[in-house]
Amino acid sequence: MSLKPSKRLGIRIAAATAALTVGGGLYAAGAASADHSVPRTDKEIPNLTQVQDKIKAFYGDTVDKSGQHYASPDSNYAKQVADIEKKAKAQIDRAVKNGKHLKGKPAIVVDLDDTTLLTYNYELQQGFHFTPESQDAYLKSTDMAAVFGMPQLVNWAQSKGVTVFYVTGRGEHQREWSARNLKNVGYKPVADTAHFFLKNKQTPPAYLPCGATCTTVEYKSGTRKHIESQGYDIVANLGDQYSDLQGGYADRIYKLPNPMYYLP
């Protein structure tokens, strides 16, 4: 995922409280994603400090000896993710076993930030204030932790003959750092150029008619369309944002929880 800092920061607070309840499970068309109404009084605005405290509690905030913050595998966040992964695994397994009904070779598409890799430590370091510069500096030197259970799900899918594609809104210049991170935290499917798609605004691929002006939905759905054109049937698409999932070209879609920010 990637967004201009002013827009990302401006909408993350308005969506944070709602996302605590909305951000998980199987996405249904028309589901609420954020409240963009103008508050009439301050009582309609969630208190920033209290929202951040709720986010930390949801992730089971833990601090190591060096003072770094991490999510807990015993947190409510981890439990919610595990429930979604269980449903996804069962559905992927059924799809593979009923292969004669597939439209092509079975595949899954997974997002990076807060779908395969957990940004919680980065977000806490930045005070939930994303900037492209701080993200670059972090990714160059630091591996984000894996989202709980996701390496196991992704690796299992590969073992069942499912091709794994990584589709992220990160920039093309972040490819090497991102591929390193995926490998170092246990993802076995190789994030090579054939299976790892990042945004390339300088030289956008020909299969995206919107070119360098693609919205997230246009970029991600267009990339899934391209994947299916290569003879694959995307049996499951997993992401933490509704924009990861909209636009079609997937048999089933799974929304992972993320109360830290909202990306249209």
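What this report covers is the structure whose coordinates are included nearby. Since the structure is predicted, the reported quantities are computational estimates derived from the model, not experimental observations.

This part takes up the overall build of the protein. The helix and strand inventory of the protein stands at nine helices and seven strands. A separation of at least 24 residues holds for 72% of the contacts in the protein among residues at least 6 apart in sequence. In the form shown here, the protein has an accessible surface area of approximately 12,500 Å², with 54% of it arising from carbon and sulfur atoms.

Turning our eyes to something else, we now look at the pattern of salt bridges. For the coordinates displayed, the defined rule picks out 10 salt bridges. Between Asp-143 and Arg-180 there is a salt bridge whose closest N-O contact spans 2.9 Å. Pair noted here: Asp-143 is in the loop between helix H5 (132-141) and helix H6 (150-159) and Arg-180 is in helix H7 (residues 175-184), with a separation of 37 residues, a long-range link. On the accessibility criterion, Asp-143 (31% relative accessible area) is partly exposed. Each of Lys-103, Asp-233 and Asp-251 takes part in one network of salt bridges that share partners.

Moving on to the sheet that holds strand S6 (residues 232-239). Adjacent strands of a sheet form backbone hydrogen bonds with each other and so pair up, either parallel or antiparallel. Taken in spatial order, the five strands make up an open sheet running S5-S4-S3-S6-S7, and their pairing is parallel. Two strands bound the open sheet, and with one partner strand each, they are strand S5 (196-199) and strand S7 (253-255). On average, each strand axis in the sheet is tilted by 20° relative to the strand beside it, whichever way the strands run. As paired strands, strand S4 (residues 163-171) and S5 are joined by three bridges and run parallel to one another. Across the sheet, residue Val-167 finds its bridge partner in S5, namely Phe-197. Sheet strands touched by helix H3 (residues 76-97): strand S3 (105-110), S6 and S7. Its angle to S6, the strand with the most contacts, is close to 175°.

In terms of burial, H6 is a largely internal element, seven of the 10 residues being buried. Along its buried surface, H6 packs onto H3, S3, S4 and S6. Phi for Gly-161, located one or two positions after H6, is positive at around 90°.

The next point concerns the packing of H3 against H6. Running from amino to carboxyl end, H3 crosses H6 at an angle of 0°, the nearest separation of the two axes being 11 Å. Put simply, H3 runs roughly parallel to H6. When H3 is examined against H6, the residues Glu-85, Ala-88, Lys-89, Ile-92 and Asp-93 are found in contact with a partner set consisting of Met-150, Leu-153 and Trp-156. Looking at the contact of H3 with H6 residue by residue, the classes come out as five nonpolar, no polar and three charged.

One can find Tyr-138 in helix H5. Sequence separation between Tyr-138 and Tyr-122 is 16 residues, and the spatial gap between their C-alpha atoms is 7.3 Å.

The rules behind these values
Residues numbered from 1 in each chain as written. Predicted model: local features only at pLDDT ≥ 70, side-chain atom pairs only at ≥ 80, totals over all residues. Heavy atoms only, no water. Helix = DSSP H or I, 4+ residues; strand = E, 2+ residues; numbered from the N terminus. Contact = heavy atoms within 4.5 Å. Areas by Shrake-Rupley, 256 points an atom, 1.4 Å probe, with all protein chains shown as cover. Salt bridge = Lys/Arg side-chain N within 4 Å of Asp/Glu carboxyl O. Buried < 20%, exposed > 50% of the residue type's maximum accessible area, 1.4 Å probe, protein only. Pairing = 2+ DSSP bridges. Axes fitted to C-alpha atoms, helices over the stretch in contact; angles between N-to-C directions. Parallel < 35°, antiparallel > 145°, perpendicular 65-115°, else oblique. Nonpolar A, V, L, I, M, F, W, Y, C, P; charged D, E, K, R; others polar.

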